[in-house]
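One letter stands for each residue in the lines below.
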Amino acid sequence: MDDKKRKPAQQREKTAEGPVSRALFIQATQALGAVLSFEHPADAVLSRHFREHRALGHRDRAFVAEAVYGILRRLRWLRRVAGERATPRELLLAWFARGEGWPMRAFEGLASATERDWIAGVKAAAPDAGTLAERADLPDWLVERLLPQYGEAGVLALAHGLNRPAPLDLRVNIGKTDREAVLERLAADGIAAAAGRHSPQAIRLAGKPALQKHPLFLDGSFEVQDEGSQLLGLLVQPRRGEMVVDFCAGAGGKTLQLGAMMRSTGRLYALDVSDKRLAKLKPRMARAGLSNVHPVLIAHEKDAKLKRMAGKADRVLVDAPCSGLGTLRRNPDLKWRQSPAAVEEMVAKQGAILDAAARLVRPGGRLVYATCSLLAEENDGVVDAFLAAHPEFHPLSAQESLDKQGVALETGERLHLLPHVHDTDGFFAAVLERDAQA
């Protein structure tokens, strides 16, 4: 968790011709100030800022976004370096001085003489090690929850993984092509990529190229999806001709994966409480070439529409709404926006959703409960409570299920993916089966 010494590519280019402009620094300060209110997700705040400042070019936007996300990842450490009451401008100056290792000459023209004296002090300061939570750049309450699960060394290792930017992963649409063909095309286009470590459908890119206009994206040959997320679809293991339900479909990333694995046969229901999210799924379905997906808007987990599906589904995926703390590599603001009270509300909601989804599973059918949380109360706690209340369900081994599909991953009965171990987002999943006689 030491200071970062590597400068981003953009900064290496900028320092060759002098520091960044005052105007760009002001843009970064304004964007950071808006994000640090923590009233809205950081990506939404930045998107709005960029819409309001359309004159910013691609590199300038990247500079602002990288600075903001870097500060969000290391906010506790940075406030100890710059002072607990540091302003957004001071946090930016401290970040570039210590987090990005800018030399003092890079601040000429950006900072006043008084500020440069302050920056020199920040560069020279060696703050004490601090508490475990401070060293981990996590809130106190979160470290208290994680410590019994991982121990002190484990929390620091986990935090190190969470505080690094996530790589860019693709999921190959196996209904249209195969991984080797996509890798060959990417290589021909000068895009460095390699097969994923775990998912047979995954490709990991060496950088983060813009792919929205790439021919293989436009024709539905691949989608952007974290490799860990892809393993959840493999645990569902849908087959041709089955009735499958994605109970919390959202914008449909996993729905698309399930549809491709079913080769667009059978019936795949994508349920969600948000009409806006389901609307985003429809063009993605068309691009992926899927005709078996049926989006269904529901008001809540007790919606009357669900009664028609009761006891009929071969497989049900519950990718439950959760704290999202397993995605801190992508959404570092979440650790500052979440709270113990919010987690308690999530746990109650997760239990109710899992109960409702279970009613759809036919005898002998499969139920997969998953989250992108690291907290035991959202994961094992919810599943244990469900099994205690539903003796008609029994657990299956996630490891055995993945092994049958060529995924060699030591997970045990339940899947626990961790960024510092598996180089994926943090995911949990449990595979359950309803008794054939139930």
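Presented here is a report on the structure given in the accompanying data block.

### Overview of the overall build of the chain
Okay, step 1: Along the chain, the regular secondary structure elements total 19 helices and 12 strands.
Okay, step 2: In terms of principal-axis extent, the alpha carbons of the chain reach across some 80 × 50 × 40 Å.
Okay, step 3: Buried residues in the chain amount to 52% of all 438 residues.
Okay, step 4: Contacts spanning at least 24 positions in sequence make up 72% of the contacts within the chain whose residues lie at least 6 apart.
Okay, step 5: Split by element, the accessible area of the chain, about 19,200 Å² in all, is 51% carbon and sulfur.

### Observations concerning the nonpolar core
Okay, step 1: Residues Leu46, Val64, Leu72 and Phe96 are the most contacted members of the largest nonpolar core, which totals 43 residues.
Okay, step 2: Those elements that place two or more of their residues in this core are helix 2 (22-35), helix 3 (42-52), helix 4 (58-73), helix 5 (75-82), helix 6 (88-99) and helix 7 (113-124).
Okay, step 3: Examining the composition of this core, we find that 8 residues originate from one element, helix 4, more than from any other.
Okay, step 4: Dropping the residues within four chain positions of it, Phe96 is found in contact with Phe25, Phe63, Ala67, Gly101, Trp102 and Phe107.
Okay, step 5: Formed by 33 residues, the second largest nonpolar core is a distinct cluster that contains Leu232, Leu235, Cys322 and Ala370.

### Regarding the environment of Pro165
Okay, step 1: Here Pro165 lies in the loop between helix 9 (140-162) and strand 1 (168-172).
Okay, step 2: With 266 residues separating them along the chain, Pro165 and Val431 place their C-alpha atoms 30 Å apart.

### As for the packing of aromatic side chains
Okay, step 1: Enumeration over the complete set of coordinates arrives at 7 aromatic pairs.
Okay, step 2: With centroids separated by 6.1 Å and ring planes inclined at 50°, the aromatic side chains of Phe25 and Phe96 adopt a geometry described as tilted. Placement of Phe25 in helix 2 and of Phe96 in helix 6 is noted, with a sequence separation of 71 residues between them.
Okay, step 3: Ring plane angle 15° and centroid distance 4.3 Å describe the contact between Phe96 and Trp102, whose orientation is recorded as stacked. Accessibility classification places Phe96 together with Trp102 in one group, the buried group.
Okay, step 4: Grouped by ring-pair contacts, the aromatic residues Phe25, Phe63, Phe96, Trp102 and Phe107 constitute a single cluster.

### Regarding unusual backbone geometry
Okay, step 1: You will see that Gln237, though not glycine, has its phi angle at about 50°, which is positive.
Okay, step 2: With respect to the secondary-structure elements, Gln237 resides in the loop between helix 12 (227-236) and strand 5 (243-246).
Okay, step 3: The phi dihedral of Arg263 is positive, around 55°, even though this residue is not glycine.
Okay, step 4: Positionally, Arg263 belongs in the loop between helix 13 (253-261) and strand 6 (267-272).
Okay, step 5: The class of Arg263 is partly exposed, set by a relative accessible area of 37%.

### Things to note about the pattern of salt bridges
Okay, step 1: Counted by the stated rule, this structure contains 26 salt bridges.
Okay, step 2: Between Arg330 and Asp226 there is a salt bridge, with its nearest N and O atoms 2.7 Å apart. With Arg330 in the loop between strand 8 (313-319) and helix 15 (334-337) and Asp226 in the loop between strand 4 (222-224) and helix 12, the pair connects residues that are 104 residues apart, well separated along the chain.
Okay, step 3: Ionic pairing is found between Arg329 and Asp423, a salt bridge with its closest N-O pair at 3.4 Å.

### A look at helix 12
Okay, step 1: Helix 12 sits mainly inside the fold: 10 of its 10 residues count as buried.
Okay, step 2: Taken together, the buried positions of helix 12 are occupied by Glu227, Gly228, Ser229, Gln230, Leu231, Leu232, Gly233, Leu234, Leu235 and Val236.
Okay, step 3: For helix 12, the N-terminal cap is Asp226; the gap from its side-chain oxygen to the backbone nitrogen of Gly228 is 2.8 Å.
Okay, step 4: Count one or two residues on from helix 12 and you reach Gln237, which has phi positive near 50°.

### Topic: the sheet that holds strand 4
Okay, step 1: Strand order in the open sheet made by the 4 strands is 2-3-1-4, with antiparallel pairing throughout. The outermost strands of the open sheet, each flanked by one partner alone, are strand 2 (193-195) and strand 4. Ignoring strand direction, the axes of neighbouring strands in this sheet form an average angle of 30°.
Okay, step 2: Strand direction decides the pairing type here: strand 1 and strand 3 (residues 202-205), joined by 4 bridges, are antiparallel. Paired with Leu170 across the strands is Ile203, a residue of strand 3.
Okay, step 3: Across the sheet, helix 10 (residues 179-188) is in contact with strand 1, strand 2, strand 3 and strand 4; its angle to strand 3 comes to roughly 20°.

### Observations concerning the packing of helix 5 against helix 6
A pair of packed helices can be characterised by two numbers: the angle between their axes and the separation between those axes.
Okay, step 1: Close contact between helix 5 and helix 6 brings their axes to 10 Å; oriented N to C, the two are set at 100°. In terms of orientation, helix 5 and helix 6 fall into the roughly perpendicular class. Within the contact between the two elements, helix 5 uses Leu75, Trp77, Leu78, Arg79, Val81 and Ala82 and helix 6 uses Glu90, Leu91, Ala94, Trp95, Arg98 and Gly99.
Okay, step 2: A per-class count over the contact of helix 5 with helix 6 returns 8 nonpolar, 1 polar and 3 charged.

### What about helix 10?
Okay, step 1: For helix 10, the full list of buried residues reads Val182, Leu183 and Leu186. Down the axis of helix 10, the buried set is contained in an arc of 100°. They therefore lie on one face. Relative to its buried face, helix 10 has exposed residues pointing more than 90 degrees away, namely Glu184, Ala187 and Ala188.
Okay, step 2: Those residues of helix 10 hidden inside the fold are in contact with strand 1, strand 2, strand 3, helix 11 (215-218) and strand 4.
Okay, step 3: You can read the cap of helix 10 off the contacts: a side-chain oxygen lies 3.2 Å from the backbone nitrogen of Glu180, and it is on Asp178.

### Considerations on the side chain of Asn292
Okay, step 1: Along the chain, Asn292 turns up in the loop between helix 14 (275-288) and strand 7 (293-297).
Okay, step 2: For Asn292, a relative accessible area of 2% translates into the label buried.
Okay, step 3: Among the polar contacts made by the side chain of Asn292, one reaches the main-chain carbonyl oxygen of Thr265 at a distance of 2.8 Å.
Okay, step 4: Contact partners of Asn292, with chain neighbours within four places excluded, come to Gly259, Met262, Ser264, Thr265, Gly266, Arg267 and Leu268.

What counts, and where the lines are drawn
Residues numbered from 1 in each chain as written. Predicted model: local features only at pLDDT ≥ 70, side-chain atom pairs only at ≥ 80, totals over all residues. Heavy atoms only, no water. Helix = DSSP H or I, 4+ residues; strand = E, 2+ residues; numbered from the N terminus. Buried < 20%, exposed > 50% of the residue type's maximum accessible area, 1.4 Å probe, protein only. Contact = heavy atoms within 4.5 Å. Areas by Shrake-Rupley, 256 points an atom, 1.4 Å probe, with all protein chains shown as cover. Core = buried A, V, L, I, M, F, W, Y, C linked by side-chain atoms within 4.5 Å. Phe/Tyr/Trp six-rings, centres within 6.5 Å; stacked < 30°, edge-to-face > 60°. Salt bridge = Lys/Arg side-chain N within 4 Å of Asp/Glu carboxyl O. Polar contact = N/O pair within 3.5 Å; in protein donor to acceptor, adjacent residues only side chain to side chain. Pairing = 2+ DSSP bridges. Axes fitted to C-alpha atoms, helices over the stretch in contact; angles between N-to-C directions. Parallel < 35°, antiparallel > 145°, perpendicular 65-115°, else oblique. Nonpolar A, V, L, I, M, F, W, Y, C, P; charged D, E, K, R; others polar. Arc of directions from axis to C-beta.

These figures come from the coordinates and say nothing about function on their own.
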